[in-house]
Amino acid sequence: MKRVLSCVMFSAFLGFGIPGYSQELSELTIEELQAELQNDPDVEKEIEIYQLLCERLLRSDSTAINYCSKAQELIGDNPTFEKYLLSIYTNLGIYHVREGEIALSIEYFRKRLELAQKFGRDTVVADTYRFIGNVFASAGRYDSALYQYLQAQEMYQALNYENGQLYETIANLKVTTNPQEARLFYHKAIAVSTRNNQQTGLANAYLNFSNLLVRSEEYDSAIFYLRLASNHYEKTNRVRLWGSSHRLLGKVYLDTEQFDSARYYLNSAISKLEEINYVRGLAEVYHLYGTSLQKAGQVNEAASWTRKGMDLNQQAGLMHHYRMGLLQLHEIQISKNEFESALTNYKEYQALTDSIFSEERLARIDELEQQFESALKDHEIAILKKETEYARLMQTSLGSGLLLLLIIGGVLYRLQVNKRTLTETELEMQKQKQERLSKEVEFKNKEIMNFAVQITQRNELMEKLDEQVGEIRGKHAYDPRDLQQVADLVKVNLNLSRQREDFHSHVESVYDTFFNKLEERFPDLSESEKRLSALLRINLSSKEIASIVNISPKSVDMNRYRLRKKLGLDSEENIQQFLRQI
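Source: prediction; values computed, not measured.

Caption draft 1: Representation of the overall build of the protein chain within the structure. The helix and strand inventory of the protein chain stands at 27 helices and zero strands. Across the 582 residues of the protein chain, 45% fall into the buried class. Within the protein chain, contacts between residues at least 6 apart in sequence are counted, and of these 60% link residues at least 24 apart. Accessible area of the protein chain: about 31,500 Å², with a carbon and sulfur share of 48%.

Listed below in structure tokens is the structure:
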């Protein structure tokens, strides 16, 4: 997701300095601007010089922030120069997000938003919503980013202005949560870019739209749009994007088992991306090329390309992709009867999987805590403002003896309003807390699903190893030590009782309320039927449930049939939907 959004992040920030600088100052170099400060300029000119220096140095020099601060000091509370704050807040927002200080960056962009609203600059307001969305997206907070982008889109629409790049960004964020809406926004982005003859924007929209089509398994349409994007990148010599479009074409052909076409485009992508040494893209292409060779039975060459991709991923710190390379290498080594190497790679894969899963879980919990703390901070500020208002009102009442009774009445009324407002604020805080808890439950649901998938994948891999052992036993000559090592691994991993117990404990802790309600409504259910109900509620398939409870899929279907009867469901009723409503 971050890779999709990176091309639109901070280029959008530049070029919105408000107000415009005088032509005389705009033409001066950095050294000449610094020299101008020695000539004792008037206050307004000095502010402009500081702002220009901040803007020019922002990309390359940490001292840029000092110039912004000096301009801000000169402006102070003087309403004459307040308009210059728009540019200062923009530069400060950009600086802090580049330093990774997300909260500070958002604070400055919100100040810019308030100021733009005060001046009635609706276009600047819409742009600022978009900037805040970019900041949230850079921090991986995509829900918050999407909210800001939709605010911007609504304002642009009111101004009869269409922003194709914004449509595309919204579509990228909706791909996983609402594919139909994402499709609609991609079509809007394509239409706007076509009307405005924005060829690069059009090609980018084609490229990202093709990803959605691949997810929907609309491969012919995906190939069509990828070729359109590729043709544009070739004409404009955008080598990285040209190579990326060929990488995606190779992947689509690989998914549809058109191996000759897949290798053609993957080879093309390799030559282009090696030309510019684009490490991330090359690592993925090497992995895909290894997969194409593996499917063609060329296992030695496949292992070589897979290792090349793993080396690049390790260098770039892309451990998730490195982990998938380990799994692919493990499968290749199994097919070559290299059981000891396969075992080593599988152990590393499993250790890395556990590590990445733990890190992602901690990062998600940290994000939820930050969101909740931010909501609390906003409410604390609102309460403080109310208290300040009240204090100011009390001071006024003390200085007005003749209107004492009237003021007391006003104060009492104000107290009631404040009390009601504070109650509403507390209710809103409670609502925020409930939303946080809902997100935590949603995250735990995903945890359970990941856990289930891990158990299923490990079970499948071990069953495959078990089959391989059986084949080796049928041969006349083999090394008994290698065979015993693989057999021991199979026995250990096929015995997933500890993992299964951990999984069931986790499900029971998350769905404690669900189990209570289920038992209250259907007291005749056995413990195994309650567990089956929970697994069906989180939308696991019969195959996944079979792996988790260590029975055959056919037995799962039979237990499911019995459970339907105990729940009193008709044949047309959806059992998973029924359980989710409990």
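Caption draft 2: Examining the packing of aromatic side chains more closely. Using the criterion set out here, one finds 17 aromatic pairs in the structure. Between the aromatic rings of tyrosine 289 and tryptophan 305, the centroid separation amounts to 4.8 Å while the plane-to-plane angle is 70°, which identifies the pairing as edge-to-face. Placement of the pair is tyrosine 289 in helix H16 (residues 279-295) and tryptophan 305 in helix H17 (residues 299-316), with a sequence separation of 16 residues. An identical accessibility class is assigned to tyrosine 289 and tryptophan 305; each is buried. Taken together, the aromatic side chains of Tyr186, Tyr206, Phe209, Phe224 and Tyr225 make up a single cluster linked through ring pairs. Geometry around phenylalanine 185 places lysine 188 over its ring, the cationic atom sitting 5.1 Å from the centre. Lying across the ring of tryptophan 242, lysine 272 places its NZ or CZ 4.2 Å from the centre.

Caption draft 3: Focus on the state of the cysteines. One pass over the full model with this rule turns up one disulfide. Here cysteine 54 engages in a disulfide with cysteine 68; their sulfurs sit 2.2 Å apart. For the disulfide bridge between cysteine 54 and cysteine 68, the dihedral angle about the S-S bond is near -85°, and by the sign convention the bridge is left-handed. With a gap of 14 residues between them, cysteine 54 in helix H4 (residues 43-57) and cysteine 68 in helix H5 (residues 64-75) connect regions that are remote in the sequence.

Caption draft 4: Main features of the confidence of the model for the protein chain. A residue-level look at the protein chain finds 69% of positions with pLDDT of 70 or above and a mean pLDDT of 78. Taken together, the stretch residues 1-19 has pLDDT below 50 and engages in 52 contacts with residues farther than four places along the chain or on a different chain. Of the regions scoring below 50 in pLDDT, residues 397-401 engages in three contacts with residues more than four places distant in sequence or in other chains.

Caption draft 5: Region of interest: the pattern of salt bridges. Under the defined criterion, the tally for this structure stands at 13 salt bridges. Glutamate 218 is the partner of arginine 183 in a salt bridge, and the nearest nitrogen-oxygen pair spans 2.7 Å. Of the two residues, arginine 183 is situated in helix H11 (residues 179-195) and glutamate 218 in the loop between helix H12 (199-215) and helix H13 (219-235); the sequence distance between them amounts to 35 residues. Taking the relative accessible area as the measure of exposure, arginine 183 reaches 18% and is therefore buried. The exposure class assigned to glutamate 218 is partly exposed, which follows from its relative accessible area of 29%. A single network of salt bridges, built from pairs that share partners, joins Glu519, Glu527 and Lys530.

Caption draft 6: Geometry of the environment of tryptophan 305. Between the C-alpha atom of tryptophan 305 and that of alanine 283, which follows or precedes it by 22 residues, the distance is 9.4 Å. Leaving out residues up to four positions away in the same chain, tryptophan 305 has contacts with Ile270, Tyr286, Tyr289, Gly290 and Leu293.

Caption draft 7: Quick look at the nonpolar core. Ranked by size, the top nonpolar core spans 109 residues in total, and within it Leu33, Ile75, Tyr149, Ile190, Leu207, Phe209 and Tyr233 carry the most contacts. Counting residues in hydrophobic clusters, the runner-up holds 22 residues, among them Phe515, Leu518, Leu563 and Ile575.

Caption draft 8: Main features of the packing of helix H25 (residues 542-549) against helix H26 (residues 553-567). Here H25 crosses H26 at 105°, and the two axes come no closer than 8 Å. By the angle between their directions, the pair H25 and H26 is classed as roughly perpendicular. Judged by residue contacts, Ser542, Ile545 and Ala546 of H25 engage Pro553, Val556, Asp557 and Arg560 from H26. Taken together, the residues of the contact of H25 with H26 break down into four nonpolar, one polar and two charged.

Caption draft 9: Layout of the packing of H13 against helix H14 (residues 239-255). Two elements in contact, H13 and H14, have axes separated by 9 Å at closest approach and are oriented at 160°. By the angle between their directions, the pair H13 and H14 is classed as roughly antiparallel. Crossing angle aside, the handedness with which H13 passes H14 is left-handed. Only Leu241, Trp242, Ser245, His246, Leu248, Leu249, Val252, Tyr253 and Asp255 of H14 make contact with H13, whose side of the interface consists of Tyr219, Ile223, Leu226, Arg227, Ser230, Tyr233 and Glu234. Here the contact of H13 with H14 is built from residues that sort into ten nonpolar, three polar and three charged.

Caption draft 10: Up close: H5. In a regular helix each residue adds 1.5 Å, so twelve residues correspond to 16 Å; H5 covers 17 Å between its end C-alpha atoms and thus fits that length. Among the residues of H5, those classed as buried are Ala64, Ile65, Tyr67, Cys68, Ala71 and Ile75. Projected onto a plane normal to the axis of H5, the buried residues spread over an arc of 160° and lie on a single side. Looking at the buried side of H5, the elements it contacts are helix H3 (30-36), H4 and helix H6 (85-98). Looking one or two residues beyond H5, the residue adopting positive phi is glycine 76, at roughly 55°.

Caption draft 11: Quick peek at unusual backbone geometry. One non-glycine residue with positive phi stands out, namely aspartate 40, at about 55°. With respect to the helices and strands, aspartate 40 occurs in the loop between H3 and H4. Here asparagine 160, not a glycine, exhibits a phi torsion of approximately 55°, which is positive. Along the chain, the position of asparagine 160 falls in the loop between helix H9 (142-158) and helix H10 (164-174).

Caption draft 12: Geometry of helix H23 (residues 512-521). Among the residues making up H23, those that are buried are Phe514, Phe515 and Leu518. One side of H23 holds all its buried residues, which, seen down the axis, span an arc of 95°. Among the exposed residues of H23, those pointing more than 90 degrees away from its buried face are Thr513 and Glu520.

What counts as what
Residues numbered from 1 in each chain as written. Predicted model: local features only at pLDDT ≥ 70, side-chain atom pairs only at ≥ 80, totals over all residues. Heavy atoms only, no water. Helix = DSSP H or I, 4+ residues; strand = E, 2+ residues; numbered from the N terminus. Buried < 20%, exposed > 50% of the residue type's maximum accessible area, 1.4 Å probe, protein only. Contact = heavy atoms within 4.5 Å. Areas by Shrake-Rupley, 256 points an atom, 1.4 Å probe, with all protein chains shown as cover. Phe/Tyr/Trp six-rings, centres within 6.5 Å; stacked < 30°, edge-to-face > 60°. Lys NZ or Arg CZ within 6 Å of the ring centre and 35° of its normal. Disulfide = S-S within 2.5 Å. pLDDT = per-residue confidence, 0-100. Salt bridge = Lys/Arg side-chain N within 4 Å of Asp/Glu carboxyl O. Core = buried A, V, L, I, M, F, W, Y, C linked by side-chain atoms within 4.5 Å. Axes fitted to C-alpha atoms, helices over the stretch in contact; angles between N-to-C directions. Parallel < 35°, antiparallel > 145°, perpendicular 65-115°, else oblique. Nonpolar A, V, L, I, M, F, W, Y, C, P; charged D, E, K, R; others polar. Left-handed = near helix turned anticlockwise from the far one by under 90°. Expected span 1.5 Å × (residues − 1). Arc of directions from axis to C-beta.

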